Amino acid sequence: MLEIDMLSSPLDSSTLYLNTSTIVALCVFFALLCACIVIGHLLEENRWANESITALLLGLCSGVVVLLVTKFRSTKILIFNEDLFFLYLLPPIIFNAGFQVKKKQFFKNFTTILLFGVLGTVISFCLISLGAFLLFNGIGITDLSIKDHLAIGAILSATDSVCTLQVLSQDETPFLYSIVFGEGVVNDATSIVLFNSVQSLNFSSINAITALKLLGTFLYLFCTSTALGVIVGLASAYIIKTLYFGRHSTDREVALMMLMAYLSYMIAELLNLSGILTIFFCGIVMSHYTWHNVTGNSRTTTKHSFATLSFIAETFIFLYVGMDALDIDKWKKSKASIGTSVAVSSTLISLVLIGRAAFVFPIANIANCFKTRESTKIEFRSQFIIWWAGLMRGAVTIALSYNQFSKSEIASAEDYALMITSTIILVLFSTVVFGSITKPLIEAVKLRHSKPPISGSTDNQEDLRLLLLESNCSVNQSNNQPNHRRSTLSLLMRYPTTTVHYFWRKFDDKFMRPVFGGRGFVPVAPGSPPAEDEIS
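Each chain has its residues counted from 1, following the order in which its sequence is written. Under the rules for a predicted model, residues below a pLDDT of 70 receive no local features and side-chain atom pairs below 80 are neither given nor counted, while totals for whole chains, interfaces and linings still include all residues. Hydrogen atoms and water are omitted, and side-chain values are computed over all heavy atoms in the structure.

### Focus: the packing of helix α8 (residues 174-200) against helix α16 (residues 395-405)
Part 1 of the argument: For the pair α8 and α16, the least separation of the axes is 12 Å and the interaxial angle reads 5 degrees. As the angle between them shows, α8 and α16 are arranged roughly parallel. Residue-level contacts link Asp188, Ile192, Phe195 and Gln199 of α8 to Val396, Leu400, Asn403 and Gln404 of α16.
Part 2 of the argument: Asp, Glu, Lys and Arg are counted as charged, while Ala, Val, Leu, Ile, Met, Phe, Trp, Tyr, Cys and Pro are counted as nonpolar; the rest, among them Gly, fall into the polar class. By residue class, the composition of the contact of α8 with α16 is four nonpolar, three polar and one charged. Working convention: axes come from line fits to C-alpha atoms, limited for helices to the stretch in contact. Angles between N-to-C directions cover 0 to 180 degrees. In this description a helix means any DSSP run of H or I spanning at least four residues, a strand means any run of E spanning at least two, and both kinds are numbered starting from the N terminus. An angle counts as roughly parallel when it lies under 35 degrees, as roughly antiparallel when it exceeds 145, as roughly perpendicular when it falls between 65 and 115, and as oblique in every other case. Here, residues are in contact when the closest pair of their heavy atoms is within 4.5 Å.

### Some thoughts on the packing of helix α6 (residues 146-156) against α8
If you want to describe how two helices pack, look at the angle between their axes and the distance between the axes.
Part 1 of the argument: In the contact formed by α6 and α8, the axes pass within 8 Å of each other and the chain directions differ by 170 degrees. Considering their axes alone, α6 and α8 lie roughly antiparallel with respect to each other. For the pair α6 and α8, contact is made by Lys147, Leu150, Ala151, Ala154 and Ile155 and by Ser191, Leu194, Phe195, Val198 and Gln199, respectively.
Part 2 of the argument: Tallied by class, the residues present in the contact of α6 with α8 amount to seven nonpolar, two polar and one charged.

### Describing the packing of aromatic side chains
Part 1 of the argument: Classification of ring pairs uses Phe, Tyr and Trp, with its six-membered ring standing for Trp, and accepts pairs whose centres are within 6.5 Å; under 30 degrees between planes counts as stacked, over 60 as edge-to-face, and the remaining range as tilted. What the rule picks out here adds up to 28 aromatic pairs.
Part 2 of the argument: An aromatic cluster is built from Phe106, Phe107, Phe110, Tyr177, Phe181, Phe280 and Phe281, whose rings are joined through pairwise contacts.
Part 3 of the argument: Here the guanidinium or amino end of Arg299 rests over the ring plane of Trp291, the centre of that ring lying 5.7 Å away. We call a charge positioned over a ring when the NZ of a Lys or the CZ of an Arg lies within 6 Å of the ring centre and within 35 degrees of the ring normal.

### Some points on a nonpolar patch on the surface
Part 1 of the argument: Think of a patch as exposed residues, more than 30% relative accessible area, with no salt bridge, where like charges cluster within 9 Å and nonpolar side chains (Val, Leu, Ile, Met, Phe, Trp, Tyr) cluster within 5 Å. Only the protein chains shown count as cover for residues, and all accessible areas are computed by the Shrake-Rupley method using a 1.4 Å probe. Should a side-chain nitrogen of Lys or Arg be within 4 Å of a carboxyl oxygen of Asp or Glu, the pair is scored as a salt bridge. Residues Leu130, Phe133, Leu134, Leu135 and Ile146 make up a contiguous nonpolar surface patch of about 490 Å² in total accessible area.
Part 2 of the argument: Among the elements that make up the nonpolar patch, the one with the highest residue count is helix α5 (residues 110-139) (four residues).
Part 3 of the argument: Position of Ile146 among the secondary structure elements: in helix α6.

### Here we look at the side chain of Thr302
Part 1 of the argument: Counting through the fold element by element, Thr302 comes out in helix α12 (residues 296-324).
Part 2 of the argument: Summary of the burial criterion: residues with accessible area below 20% of their type's maximum are buried, those above 50% are exposed, and those between are partly exposed, where the area comes from a 1.4 Å probe applied to protein chains only. Residue Thr302 is classed as buried on the basis of its relative accessible area of 0%.
Part 3 of the argument: For this analysis, a polar contact is any N or O atom pair within 3.5 Å, provided that within protein one partner can donate a hydrogen and the other can accept it, and provided that sequence-adjacent residues contribute only side-chain to side-chain pairs. Of the polar contacts made by the side chain of Thr302, one reaches the side chain of Trp291; its length is 3.4 Å.
Part 4 of the argument: Ignoring anything within four residues of it in the chain, the contact list for Thr302 reads Val254, Met257 and Trp291.

### With respect to the nonpolar core
The nonpolar side chains of a soluble globular protein tend to be buried, and buried together.
Part 1 of the argument: Here, the term nonpolar core denotes a set of buried Ala, Val, Leu, Ile, Met, Phe, Trp, Tyr and Cys residues that are joined through side-chain atoms within 4.5 Å. The biggest cluster of nonpolar side chains holds 124 residues, and the ones touching the most others in it are Phe136, Ile152 and Phe280.
Part 2 of the argument: Considering every element that reaches this core, the biggest residue donor is α8, with 13 residues.
Part 3 of the argument: Discounting chain neighbours no more than four positions away, the residues touching Phe280 are Ile94, Ala97, Gly98, Phe106, Phe181 and Val185.
Part 4 of the argument: One finds Ala237, Tyr289, Met512 and Phe516 within the second-largest nonpolar core, a separate group that totals six residues.

### A word on α8
Part 1 of the argument: To estimate the expected span of a helix, count its residues, drop one, and scale the result by 1.5 Å. Counted at 1.5 Å a residue, the expected span for α8 with its 27 residues is 39 Å, and the 39 Å between its end C-alpha atoms agrees.
Part 2 of the argument: Counting buried positions along α8 gives 22 out of 27 residues, so the element sits mostly inside the fold.

### Structural notes on the environment of Tyr265
Part 1 of the argument: As for its placement among the helices and strands, Tyr265 is situated in helix α10 (residues 250-270).
Part 2 of the argument: In this structure Tyr265 comes out as buried when scored by relative accessible area, which is 1%.
Part 3 of the argument: Taking C-alpha positions, Tyr265 is 7.2 Å from Ile276, a pair spaced eleven residues apart along the chain.
Part 4 of the argument: Residues within four places of Tyr265 in sequence aside, it is in contact with Phe86, Leu87, Pro91, Gly275, Ile276 and Ile279.
Part 5 of the argument: Polar contacts involving the side chain of Tyr265 include one to the main-chain carbonyl oxygen of Phe86, which spans 2.6 Å.

Here it is, written out as structure tokens:
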């Protein structure tokens, strides 16, 4: 998994039960993780830096140092392992995002998130694939097949959800956070589905039926992955509520929450579903039901444990990418001139910019046409930030690129190696440049020119509508009036989000919480402190 070719150890490695190179690699990585935490703390108030950029640059600097120490003989500083990334590093990040997400804000914008994450990703996929096919021939990249060009479209359409967590604040910009991060989760799942579909397509006979099969496959994966996450989350809530582990040991209920969350991801991967979607919705369900069924000690423990694991995994990923970027073998295999490498990398960056702009602005304006209130419309400044914040590419892009272009035994190995190195340049450039500018851009665009915050008044208006809806329903039921259904339908048409939330709350209180627990279920264990505030 980790390999560093270092100077020989004075100890005879044959007498050790552990591999010396593995111990050295882990020591270096843990030391770098500690350095990232310290540097991140010192740069906490800096507008231009965040933990992801710090970890990436620190990984690059460490790679340079190792190369200098070994006199450029170390060609395997760090091997990027797809299994390590997808099975161990990504799950805690996505789960914690679902566990901590503000559910009301997320589902309030769920339709917009789906439009950006599904339709937008498909538009970006088509434009990037077509652009790569038309432009690469002019640069001199002629050995790539149609399958490779389509794979490039899927690879470059995958945004970096991890970096989004670093540059956007859920408390300061809740709307932008819910849109950009929610889109990122759906986008990653869509990109992986498109990538896997490209691998399985038969390009000798492409027709309309193939496109319909692709659409059907995506809808099947989206629905089944979401349902699996919800089912596992509800199962964990029911088990913990019924058996009440906290009366004997709070450790058991904490361990069960963690293991069942990870189990949902593993089951999804076993069934060839989207593990990202599954564990994300499992996190949402667990925060709504399971978290309230455990004792106060366990609530505190799980909340901070999930956040800590997510933070370490995020930092680890960017260190991983930074050090892996200096693998000499990749750069030697491409045999491309500096001009060619710059041309290909610039082309990929341009396609990412154009591909994202081609769907963010049109979809946002189309969505605005169906919104009656001005306060709910996505203004141009917000559209621009949504476009900019989604330009970053990360470890998902690199992992898919390695999967597609790491076959060195074929005739087009040089072009494949060039695509890998160009993807690395794209990831480094987008993370450092786009990521560092995002925070100042938000401050400049939103704070200087924004109107006074109206979120509190908006919430009060929605609460007032809920009260009016509830009173109208109770009056209609007591008077047994026939226009009850018509008034409910009119409210649903005028205020869909508020009305759906009202009826979901009634259904949740009447049917779900008596079975699965949740807010209002207060287990008491000896020595357990009062519960923390609810995760909103």
